[in-house]
Amino acid sequence: MDVQIHPSWKELLKDEFSKIYFQQIVSFLKTEKSLGKTIYPPGSLIFNAFNQTPFNEVKVVILGQDPYHGAGQAHGLSFSVSDGIKPPPSLVNIFKEIKSDIGIDMPANYGNLTAWAKQGVLLLNAALSVRAGEPFSHAKYGWADFTDQVIQKISDEKEGVVFLLWGKFAQDKQGLIDETKHHVLKAAHPSPFSADKGFFGCKHFSKTNELLMRDGKQPIDWSLAKP
């Protein structure tokens, strides 16, 4: 399988693509398709996060768990949805916190976060694919091995990256991050089940920009102007 991924990531992760676990991911996806299963996001968008945010441009990482499993939602960026798709509840709560934190109104019914990705926000899901209608259905088939390596590579080879870890699943990845050279901000997950337990009021969007500017980097424009 020739992985369609930005050259900067292809070079960085080239050893991973030849490992047994990655070949098993490829075989699993082929089997799913042969069985007539619908997989999200479409194959061309599985590595969209990497293609929108080249390695040398990564300034922030927002870690999600699993792609959305509804029709037309997932397009390879954590928490983001394709154009024309109503923002899911977690994304609505992210928008609410941005409004509360920095006063930016989000466009109605627009949840495509590509504009963030193009500014250096790596929107990384721990699993990069999912079976339609079945959350976490691909989570145990090797993707975590791959995305853990992505986090590790960012930690090892960059400095001053801001990692936003929302919820226990994301926070379990904290051990992969060298906190002597990176910034880690933690809060509850923005899901409706937990947002009022520490996500609302976390001010991660203003804090992220403060940290970036302190390190001499351009802050993120969190508004969703069309890319």
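What this report covers is the structure whose coordinates are included nearby. In this text the structure is predicted, and so the values were computed from the model without any measurement. (Residues numbered from 1 in each chain as written. Predicted model: local features only at pLDDT ≥ 70, side-chain atom pairs only at ≥ 80, totals over all residues. Heavy atoms only, no water.)

What about the pairing of strand 3 (residues 121-125)?
And step 1. Taken across its 5 residues, strand 3 has 5 buried, putting it largely inside the fold.
And step 2. Burial of strand 3 is two-sided: the residues Val121, Leu123 and Asn125 facing one way and the residues Leu122 and Leu124 facing the other way are all buried.
And step 3. Bridge count between strand 2 (residues 60-64) and strand 3: 5 bridges; the pairing is parallel. Paired with Val61 across the two strands is Leu122, which belongs to strand 3. (Buried < 20%, exposed > 50% of the residue type's maximum accessible area, 1.4 Å probe, protein only. Helix = DSSP H or I, 4+ residues; strand = E, 2+ residues; numbered from the N terminus. Pairing = 2+ DSSP bridges.)

Let's talk about helix 7 (residues 139-157)
Three- or four-residue spacings in an α-helix give side chains the same orientation, since the helix completes a turn every 3.6 residues.
And step 1. Between its first and last C-alpha atoms helix 7 spans 26 Å; for 19 residues at 1.5 Å apiece the expected length is 27 Å, and the two agree.
And step 2. Within helix 7, the full set of buried residues consists of Gly142, Trp143, Phe146, Thr147, Val150, Ile151, Ile154 and Ser155. (Expected span 1.5 Å × (residues − 1).)

Remarks on the nonpolar core
And step 1. In terms of nonpolar packing, the biggest core is built from 72 residues, with Trp9, Phe22, Phe47, Trp116, Trp143 and Phe146 touching the most fellow members.
And step 2. The biggest single contributor to this core is helix 3 (residues 20-34), with 6 residues.
And step 3. When residues no more than four places from it in sequence are discounted, the contact partners of Phe22 are Val3, Glu16, Phe17, Phe47, Trp143 and Phe146. (Core = buried A, V, L, I, M, F, W, Y, C linked by side-chain atoms within 4.5 Å. Contact = heavy atoms within 4.5 Å.)

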